[in-house]
Amino acid sequence: MDDLLTDLAGLTGVFAARAGALDVAGAFPEENLTDLRRVGALVAVLPRALGGRGFGTEPEGAAGAAEMLRLVGRGHLATGRLFEGHVNAVKLVVRYGGPAVVARVADVARTGGLVGLWVTDGGEALRVCGGVLEGGKVFCSGAGHVGHALVTAEGEDGTVMALVEVAEGRAQAGAMRLSGMRAAVTGRVELSGVVAEVVGEAGDYLRQPEFSAGAWRTSAVTLGGVEALVAVAVGELVGRGRAGNAHQAARIGGMLLAQESAGLWVRKAARVAEGGVEDAGDVAGYVNLARLAVERAGLEVIGLVQRGLGLGALVAGHPAERLMRDLAVYLRQPAPDETLTEAAAWFSAKELPA
């Protein structure tokens, strides 16, 4: 196994041990980010020519990126959400940006900086005029803790991406308290007056297949969360001496089936999305199906855990209770019905990618 992946596998238990206190406090997982910096995870996404491993930015790094995201998510979903945003933002800058902005984001990653990806508008859209932003973003993971972010904004010619440096005092981290993923510290960030370094051309953010294909990275983190929940549930049933009960054994089997199915979808989605050889419609369609398959697996596991462990798993402070809240929030990706019908329409007259 790659040395980075070995290090991350060793951190899953460390992250899980910290998760309960971070959830109660709604605190940013700074120690986890310090560990990710130490093992080189934040820089691993950079192309090899820029000092990284190409995990998520080069076809050869697809499998490594999938494992990296899965392992971080298995340790702590909220940290996985923050890390996935970093990986996604760096990928978009590398794909669409010119040499100057690529060099800038590479410097941020090499010096241990976490890059956010903030694309949700609240009310009026964030705008860019004369290289300066007006407005803000909502549902910003890492609000108040992320020093650089890739944001979408409306310009004269349409939607553009911009890399911005976020000063202290810009965030309203407590403005929206989600039931789960509390340690991701999600909030609103005011960006009026911030200088924006535009990345690529207008319309690049929505360009297919990358717009849809990027969802595989979220699914990889989600897979880690599913695995963590299954491990907690099975461990508790074994500890109670209940794993041999026929009904509980059937639930355990169902959990394992769902987990394995999600893993197969994620690993193939990574290959399809990052390989650079599939038709753009095939990439978008397959990753959309994978995203929904992982969502279905997560919801199935949550239901089986609740039935298998009973009310005890819903007591605040129980590891399964927190994992289920985190997973339920993370699974709420946008437009699931539209995603399914678009993928179905595309593949109606075609075979799925081999």
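Preceding this section is the structure that the text describes.
Residues numbered from 1 in each chain as written. Predicted model: local features only at pLDDT ≥ 70, side-chain atom pairs only at ≥ 80, totals over all residues. Heavy atoms only, no water.

Caption draft 1: How the structure looks around the overall build of the protein chain. Counting its regular elements, the protein chain contains twelve helices and nine strands. Across its three principal axes, the protein chain shows a C-alpha extent of roughly 65 × 50 × 40 Å. When each of the 354 residues of the protein chain is scored for burial, the buried share is 54%. Restricting to contacts in the protein chain with at least 6 residues of sequence separation, those with at least 24 account for 74%. Of the roughly 14800 Å² of accessible surface on the protein chain, a fraction of 55% belongs to carbon and sulfur atoms. Distance between charge centres in the protein chain, computed from 33 positive and 40 negative side chains, equals 7 Å. (Helix = DSSP H or I, 4+ residues; strand = E, 2+ residues; numbered from the N terminus. Buried < 20%, exposed > 50% of the residue type's maximum accessible area, 1.4 Å probe, protein only. Contact = heavy atoms within 4.5 Å. Areas by Shrake-Rupley, 256 points an atom, 1.4 Å probe, with all protein chains shown as cover. Lys, Arg positive; Asp, Glu negative; His and termini not counted. Charge placed at Lys NZ, Arg CZ, Asp CG, Glu CD.)

Caption draft 2: Layout of the side chain of Gln248. Considering the arrangement of structural elements, one finds Gln248 in helix α9 (residues 246-274). Under the relative-accessibility criterion, Gln248 is labelled buried at 6%. Within the structure, the side chain of Gln248 is placed 3.1 Å from the side chain of Arg251, a separation counted as a polar contact. Residues within four places of Gln248 in sequence aside, it is in contact with Leu237, Arg242 and Gly308. (Polar contact = N/O pair within 3.5 Å; in protein donor to acceptor, adjacent residues only side chain to side chain.)

Caption draft 3: Focus on the sheet that holds strand β7 (residues 171-172). Pairing is antiparallel in the open sheet, where three strands are placed in the order β4-β8-β7. Taken across any chain shown, the strands that pair with only one partner, and hence form the sheet edges, are β4 (136-140) and β7. The pairing of β4 with strand β8 (residues 187-190) spans three bridges and is antiparallel. The residue of β8 that forms the bridge with Cys140 is Gly187. (Pairing = 2+ DSSP bridges.)

Caption draft 4: The environment of Phe211, seen in detail. Residue position: Phe211 is located in helix α7 (residues 210-213). On the basis of relative accessibility, which here comes to 39%, the residue Phe211 falls in the partly exposed class. In this structure the C-alpha to C-alpha distance between Phe211 and Ala100, which are 111 residues apart in sequence, comes to 23 Å. Phe211 has contacts with Tyr205 and Leu206, leaving out every residue within four places of it along the chain.

Caption draft 5: Spatial organisation of the side chain of Glu58. On the secondary structure map, Glu58 appears in the loop between α3 (41-44) and α4 (62-75). Residue class for Glu58 comes out buried when judged on its relative accessible area of 15%. With residues up to four places along the chain from it excluded, the contact list for Glu58 reads Pro47, Arg48 and Arg53.

Caption draft 6: Molecular detail of helix α1 (residues 3-25). With 23 residues, α1 ought to run about 33 Å at 1.5 Å a step, and its terminal C-alpha atoms sit 33 Å apart, in line with that. When the local axis directions of α1 are compared, the greatest deviation, roughly 40°, occurs at Ala19. Every buried residue of α1 is accounted for by Leu4, Leu5, Leu8, Leu11, Thr12, Phe15, Ala19, Leu22 and Asp23. Buried residues along α1 sit against α2 (30-39), α3, α4, α5 (77-96) and α11 (319-330). N-capping of α1 is provided by Asp2, with a side-chain oxygen placed 2.7 Å from the backbone N of Leu4. Phi turns positive one or two residues past the end of α1, at Gly26, with a value near 60°. (Expected span 1.5 Å × (residues − 1). Bend = angle between axes of the 7 residues up to and from the residue.)

Caption draft 7: Layout of the pattern of salt bridges. Summed over the entire model, instances satisfying the criterion amount to 29 salt bridges. Asp2 is paired through a salt bridge with Arg53; the nearest N and O atoms lie 2.8 Å apart. Taken as a pair, Asp2 in the segment before α1 and Arg53 in the loop between α3 and α4 lie far apart in primary sequence, 51 residues in all. Among the residues examined, Asp2 registers a relative accessible area of 27% and is labelled partly exposed. In this structure Arg53 comes out as partly exposed when scored by relative accessible area, which is 30%. The salt bridge partner of Glu190 is Arg188, with a shortest N-O separation of 3.1 Å. (Salt bridge = Lys/Arg side-chain N within 4 Å of Asp/Glu carboxyl O.)

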